[in-house]
Amino acid sequence: MKLRVKEMNRGRRNLKQAASEQDFRLKQCQNIAKIMDTKRDNSSTLFKRKKRRANRAYNLLVMGCYLGLPLRTKRRRRYMSEIPLDLLVEILIRLPGKYLARFKCVSKQWSSLISSRYFCDSLTRSKQQQQEPRLYMCLVDEGGHRALLSMASTSPDNTSFVVDQDLSIPGMGGYYLNDLHGLMCFSMGKKACIYNPSTGQRLTLPKIKPDIIAEQGQTMYVKRHYIGYDPIDSQHKLLCTIVMYSDRLFNLKTEHWVFVLETGGSWKKVVSHENYRPHTAFARGQSISGSVVHYLAWHDMYTCAIVRFDVRSEELTTIIVPEDVRDDMSIPALEMRAELIEYGGKIAIFEHSNLRTEGTAVLWVLEDAEKKEWSTRSLVLQPCQRHLVQDIELIVKGTTQDGKVILAPLEMHSGFYILYYDLQSNDLSKVGIQGIPHRWFDKDCYFDLRLMNESERVIYLET
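Residues numbered from 1 in each chain as written. Predicted model: local features only at pLDDT ≥ 70, side-chain atom pairs only at ≥ 80, totals over all residues. Heavy atoms only, no water.

Per an unreviewed UniProt entry, the chain goes by the name F-box domain-containing protein and belongs to Brassica napus.

Dropping the structure here:
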């Protein structure tokens, strides 16, 4: 206890001096987190009587001590209310994200501030100085066990990652992670869940009541979620595609629903245009470019298309993939070895069925969506890098910030790694992954990967 008081007093003097200069260094503010992680006295009568009130008092104690304010709660509240808004924001944005949600219980004013767009924008500008990406992995085995792991880069060139957090959530479902601007989406039972790994906050959305009804012979039910962003109204929206079909994509039926991530939001059905054709969303191929979401889909076993969803207008359009492109994509649908990626600001199809046998791949770029003009580029691996892909079945897991394609082995083994394929220089680099629990190796399991940059916008969701 004496040691804790000494730490508080020392931290209070340091931060008081920094406050007078309005120069809060990251190390000083991180000391707040150390104090908060100190084991609290659970035998305290106050904690037993009113836990919520105790948490609020404790948060005030920590912040008050570091600001050099009087120890009496009423005086501390009065002094803290007099802190200039811009100075308070400068203090809070230097704290680790997971503690911001905790400080929202200090007062209604703090809760409104931390949830406001002004604070989010300030936090975004602060995070732009942090360019370290994080790798997130979702794992699912045959028994239904799931895990969500967070990995930090351990090398300046991001050629090595190590697991440093287990973010697994009880009840987490689904096989795929969708992400945008620091937000993730996955299923929780029959509902969709939006999760912010930076703050630990999550928002479970209402259940959708689809209008389509399964008919005789329709045995497959598929639900996919995609996050989009409307920069005009500064709104994030979630697109849900619900599909029902029988064997080999017969009797195909599709519905689309949109949810605006704001207070009072609800699911709204997307009205289809006259020329709309039902489709099933392909499991992996998706790309988000600005305010438009793209994903690969199939109208039937031999007709592939790119579906385009305009986040602002909430309109769906489809672009049929030309036959010569489909010939390179190894049709039919069940044999497809192609993924949708973003290449030079344009939508492209990366076909890699011959990568492990011949070291070759084909890139089809949609140059003009209205005119349906495509360009093609053949890719051949350097001979010295063929061993990295030889006889290894690979799957595409998105792209990096600088446009490199992320390739991962289909099976999980000890010494797991991923590959970065630079399409511009035609160069392949190996990225080591360490710290994955051994229970996931050498067994039938599925995993999904997402590389997210810490400089991306952080959003606080009201639950």
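### Brief notes about the overall build of the chain
Counted only if it meets this: Helical segments are the DSSP runs of H or I of at least four residues, strand segments are the runs of E of at least two, and each set is numbered from the N terminus. Only protein chains enter the accessibility calculation, which uses a 1.4 Å probe. A residue is then buried if its area is under 20% of the maximum for its type, exposed if over 50%, and partly exposed in between. We call two residues contacting when some pair of their heavy atoms lies within 4.5 Å. In these tables, accessible area is a Shrake-Rupley quantity obtained with a 1.4 Å probe, and a residue counts as shielded only by the protein chains included in the view.
Scanning the chain from terminus to terminus reveals eleven helices and 24 strands. Across the 463 residues that make up the chain, the buried fraction comes to 51%. Nonlocal contacts in the chain, meaning residues at least 24 apart in sequence, comprise 53% of its contacts between residues at least 6 apart. As displayed, the chain offers around 23200 Å² of accessible surface, 47% of which is attributable to carbon and sulfur atoms.

### Re the environment of Tyr 195
As for its placement among the helices and strands, Tyr 195 is situated in strand β6 (residues 191-196). With 16 residues separating them in the primary sequence, Tyr 195 and Asp 179 have C-alpha atoms 9.2 Å apart.

### Considering the packing of aromatic side chains
Under the convention used in this document: A pair of Phe, Tyr and Trp rings is counted when the ring centres sit within 6.5 Å of each other, with Trp represented by its six-membered ring. The angle between the planes then sorts it: under 30 degrees is stacked, over 60 is edge-to-face, the rest tilted. Two conditions define a charge sitting above a ring: the NZ of Lys or the CZ of Arg must be within 6 Å of the ring centre, and it must be within 35 degrees of the ring normal.
Taken as a whole, this structure holds six aromatic pairs when the rule is applied. Measuring from centroid to centroid gives 4.6 Å for Tyr 226 and Tyr 295, while their planes differ by 0 degrees, and the two rings are stacked. Placement of Tyr 226 in strand β8 (residues 220-230) and of Tyr 295 in strand β13 (residues 292-300) is noted, with a sequence separation of 69 residues between them. Each member of the pair, Tyr 226 as well as Tyr 295, carries the same accessibility label: buried. Measuring from ring centre to ring centre gives 6.1 Å for Phe 350 and Tyr 421, while their planes differ by 75 degrees; the resulting arrangement is edge-to-face. Remark: Tyr 421 occurs in strand β22 (residues 417-422) and Phe 350 occurs in strand β17 (residues 346-351); sequence separation between them is 71 residues. As far as burial versus exposure is concerned, Phe 350 and Tyr 421 are alike and both buried. Taken together, the ring pairs connect Phe 416, Tyr 446 and Phe 447 into an aromatic cluster. One cation-aromatic arrangement involves Lys 443 over Trp 440; the distance from NZ or CZ to the ring centre is 5.5 Å.

### Some thoughts on the sheet that holds strand β9 (residues 235-245)
Put simply, the rule reads: Pairing between strands is defined by DSSP: at least two bridges between them are needed. Fitting a line to C-alpha atoms yields each axis, with helices limited to the stretch in contact; the angle taken between N-to-C directions then spans 0 to 180 degrees.
One open sheet holds the four strands; their spatial order is β8-β9-β10-β11, and the pairing between them is antiparallel. The outermost strands of the open sheet, each flanked by one partner alone, are β8 and β11 (267-269). Along the sheet, successive strands turn relative to each other by an average axial angle of 25 degrees, direction set aside. Here strand β10 (residues 253-260) pairs with β11 via three bridges, running antiparallel. Bridge pairing in β11 links Phe 259 to Trp 267.

### Section: the pairing of strand β5 (residues 183-188)
Two faces belong to every sheet, and in a regular strand the side chains alternate between them. Taking burial as the measure, the six residues of β5 include six buried ones, the bulk of the element. Relative to β6, β5 runs antiparallel, the two being bridged by five bridges. If you follow Cys 185 over to β6, its bridge partner there is Ile 194. Connecting the antiparallel pair β5 and β6 is a turn made up of two residues, with Gly 189 showing a positive phi of about 70 degrees.

### Some remarks on a negative patch on the surface
The condition that has to hold: Residues enter a patch when their relative accessible area is above 30% and they make no salt bridge; the linking distance is 9 Å between like charges and 5 Å between nonpolar side chains (Val, Leu, Ile, Met, Phe, Trp, Tyr). What makes a salt bridge here is a side-chain nitrogen of Lys or Arg within 4 Å of a carboxyl oxygen of Asp or Glu, nothing more. When charges are counted, Lys and Arg contribute as positive and Asp and Glu as negative, whereas His and the chain ends are disregarded. Throughout, a charge is located at the NZ atom of Lys, the CZ atom of Arg, the CG atom of Asp or the CD atom of Glu.
A cluster of like negative charges, contributed by Glu 142, Glu 411, Asp 442 and Asp 444, occupies part of the molecular surface. Within the secondary structure, Asp 444 is located in the loop between β23 (427-434) and β24 (445-453). On the basis of relative accessibility, which here comes to 55%, the residue Asp 444 falls in the exposed class.

### Structural notes on the pattern of salt bridges
Enumeration according to the criterion identifies 13 salt bridges in this entry. Of the charged contacts in the structure, one is a salt bridge between Arg 312 and Asp 230, with a shortest N-O distance of 3.1 Å. Taken together, the residues Arg 312 in the loop between β14 (303-310) and β15 (315-320) and Asp 230 in strand β8 connect sequence positions 82 residues apart. Across the pair Asp 448 and Lys 397 runs a salt bridge whose closest N-O atoms are separated by 3.2 Å. One end of the pair, Asp 448, is in strand β24; the other, Lys 397, is in strand β20 (residues 394-399), and 51 residues separate them in sequence. It is possible to trace a salt-bridge network through shared partners that takes in Asp 211, Glu 255 and Lys 269.

### Let's talk about the nonpolar core
Put simply, the test is: Among the buried residues, those of types Ala, Val, Leu, Ile, Met, Phe, Trp, Tyr and Cys that are joined through side-chain atoms within 4.5 Å form a nonpolar core.
With 23 residues, the main nonpolar core has Met 137, Met 412, Phe 416, Ile 418 and Ile 436 as its most contacted residues. At the level of secondary structure, the elements contributing two or more residues to this core comprise β1 (133-141), β2 (146-153), β3 (160-166), β21 (405-409), β22, β23 and β24. Looking at this core, the element that brings in the most residues is β24, giving four residues. Dropping the residues within four chain positions of it, Met 412 is found in contact with Met 137, Leu 139, Ile 436, Trp 440, Phe 441, Asp 442, Cys 445 and Phe 447.

### With respect to the side chain of Asp 448
This is how the line gets drawn: Under this definition, polar contacts are N or O atom pairs within 3.5 Å; protein pairs additionally need one hydrogen-donor-capable and one acceptor-capable atom, and for neighbouring residues in sequence, both atoms have to be side-chain atoms.
Look at Asp 448 and you get buried, because its relative accessible area is 3%. Polar contacts involving the side chain of Asp 448 include one to the side chain of Lys 397, which spans 3.2 Å.

### Regarding the pairing of β10
Burial of β10 is extensive: seven of the eight residues sit out of reach of the surface. Taking the residues between adjacent antiparallel strands as the criterion, β10 and β11 are bridged by six residues, where Gly 264 takes a positive phi near 80 degrees.

### Focus on the side chain of Asp 141
In this structure, Asp 141 sits in strand β1. At a separation of 3.1 Å, a polar atom in the side chain of Asp 141 contacts the main-chain amide nitrogen of Gly 143. For Asp 141, the side chain forms a polar contact with the side chain of Lys 443, separated by 3.2 Å. Sequence-distant contacts of Asp 141, that is, excluding residues within four places in its chain, are made with Trp 440, Lys 443, Asp 444 and Cys 445.

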